[in-house]
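An overview of the molecular structure
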Amino acid sequence: MREYEGKDPVVIERGEGAYLIDSEGRRYIDGVSSLWVNIHGHGVPEIDNAIKKQVDLISHSTLLGVTNPPAALLAKELIDICPPGLKKVFYSGDGASAVEVALKMAFQYWQHKGKPGKTKFVSLRNAYHGDTLGAVSVGGIDLFHSAFKPLLFDTYQAPSYYCYRCELGKTYPSCELACAGEAGNILEAHHEEIAGVILEPYVQAAGGMIVSPPGYLGRVREYCDRYGVLLILDEVATGFGRTGRMFACEHEGVTPDILVLGKGMTGGYLPLSATITTQDVYDAFLGEYEEFKTFFHGHSYAGNPLACAASLGNLEAFRKYDTLRNLREKIDYLEEELKEFNGLKHVGDVRSKGLMAGIELVLDKESREPYPAGMKMGWRVAEEAMNEEVLIRPLGNVVVLMPPLGIPMEDLKKLVRATYNSIKRATEAA
Ligand SMILES: *Cc1c(COP(=O)(O)O)cnc(C)c1O
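Note that the structure is predicted; figures quoted are calculated from it, not measured.

Cut-offs and rules
- Residues numbered from 1 in each chain as written.
- Predicted model: local features only at pLDDT ≥ 70, side-chain atom pairs only at ≥ 80, totals over all residues.
- Heavy atoms only, no water.
- Core = buried A, V, L, I, M, F, W, Y, C linked by side-chain atoms within 4.5 Å.
- Buried < 20%, exposed > 50% of the residue type's maximum accessible area, 1.4 Å probe, protein only.
- Helix = DSSP H or I, 4+ residues; strand = E, 2+ residues; numbered from the N terminus.
- Domains from an automatic or database assignment.
- Contact = heavy atoms within 4.5 Å.
- Near = heavy atom within 4 Å.
- Polar contact = N/O pair within 3.5 Å; in protein donor to acceptor, adjacent residues only side chain to side chain.
- Areas by Shrake-Rupley, 256 points an atom, 1.4 Å probe, with all protein chains shown as cover.
- Nonpolar A, V, L, I, M, F, W, Y, C, P; charged D, E, K, R; others polar.
- Salt bridge = Lys/Arg side-chain N within 4 Å of Asp/Glu carboxyl O.

1. Points about the nonpolar core
The biggest cluster of nonpolar side chains holds 103 residues, and the ones touching the most others in it are Trp 36, Tyr 91, Phe 240, Ile 359 and Ile 392. When residues of this core are assigned to their parent elements, the largest contribution, 7 residues, is made by helix α14 (residues 409-429). For this core, the domains that each give at least three residues are domain 1 (2-30 + 322-429) and domain 2 (48-320). In contact with Ile 392, other than residues within four places in its own chain, are Gly 31, Val 32, Val 381, Ala 382, Ala 385, Val 399, Val 400, Leu 401 and Leu 415. Counting 23 residues, the second largest nonpolar core, distinct from the first, contains Val 99, Ala 102, Met 105 and Phe 121.

2. Notes on the site of the ligand
In the neighbourhood of the ligand, the contacting residues comprise Trp 36, Asp 94, Gly 95, Ala 96, Tyr 128, His 129, Gly 130, Glu 200, Asp 234, Val 236, Ala 237 and Lys 263. One nitrogen or oxygen atom from the main chain of Gly 95 is found 2.8 Å from an oxygen atom belonging to the ligand. In the model, an oxygen atom of the ligand is placed 2.6 Å from a nitrogen or oxygen of the Lys 263 side chain. Relative to its unbound accessible surface of 380 Å², the ligand loses 82% to contact with the protein. By residue class, the composition of the shell around the ligand is 5 nonpolar, 3 polar and 4 charged.

3. Brief notes about the pattern of salt bridges
Inspection of the entire model under this criterion finds 24 salt bridges. Of the charged contacts, one joins Arg 325 and Asp 322 as a salt bridge, the two residues approaching to 3.1 Å between their closest N and O atoms. Residue Arg 325 is classed as exposed on the basis of its relative accessible area, which comes to 62%. Note that Glu 360 is salt-bridged to Arg 351, the shortest N-O span being 2.9 Å. Judged by relative accessible area, Glu 360 falls into the buried class, the value being 5%.

In structure tokens form, the structure reads like this:
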């Protein structure tokens, strides 16, 4: 905070495509999609127009007892693009709230199913699910979460799928996914008291853009089926094309029992999130009035028509610009270019899935010793990048690249070059 006080913040006044423009007229490539939310760029006609049209009709009405066209239409469109088996949509305003909804829904589901002992969750180390207390309870990043420990509920923690720093001391693929096996062991021993497993499929984003080895997700799905535990997938970061498929769970043909969406849902325009579940989970909440089986959870702005209209515009833009298909070339380019980063003296690990990439900087490549926090190496790189008109935000010693999916190829090239040069300069100067 002290450091922030001493600085003049950059004031972003406008956006154009993949660019942010500040109050001095300087242009920056939006290298992290305005904190992982932007999809097609800034000023997307389909989204702009959807919001403008909706403003003329109504900006908000409640979703308690009544509904509105954008919320209803969006629910249908979401179900159409979601993995098969997901049928029912519950709206909230941000990712953390949608995670709370998922946890409470899974908990109450088992209460109604006559298994009141199933009250616990399995989460992963290095997980991030948002900053509200339930979401923090299933989080696993000590730096963010340990201060609040006395306020949290207990969970079973399974290993992170962090191959570069495998906590089990193994190497993929000879490990045979031992990290997933550990999650399986927890379920085998404690499934009678476990309501659900929650994880970020394929990429633990805030944990440092940690990319899971293939097969991990499918294995955890198998264990959940075997032991009768709900699988909650938090795709707040990975959803809406970020990993190359509309949802990351598609890479392994996995359908979760509960899917959590947020961030990119409105293309990065307005806060909106959703918790999407199966007919089976939904049906457990049906009952006579006085049984009070309803799901006691709601947010004032749930299903906000403006946000839902923006989200419909976002999906329209996906179709119109054939976003997922056009992504292929950008992903191939990024993967190819990232290989070069391995040649830099202080780059320990380079990992990516789709257009989500993390470059982990280390003091010593051989021993994998991290830079001490006080060196702020991630920030030094970000500051160098600003001089090259690129705005990025690191996670500790991990340099993050997560541009809008709609970024033109030439801007992606510029972003990657600038990042490479910034890492080189910052690490060589240290
Ligand atoms: C950002 C994020 C959240 C929290 O979303 P907010 O909208 O910031 O509350 C939850 N889960 C994951 C995986 C995220 O990346």
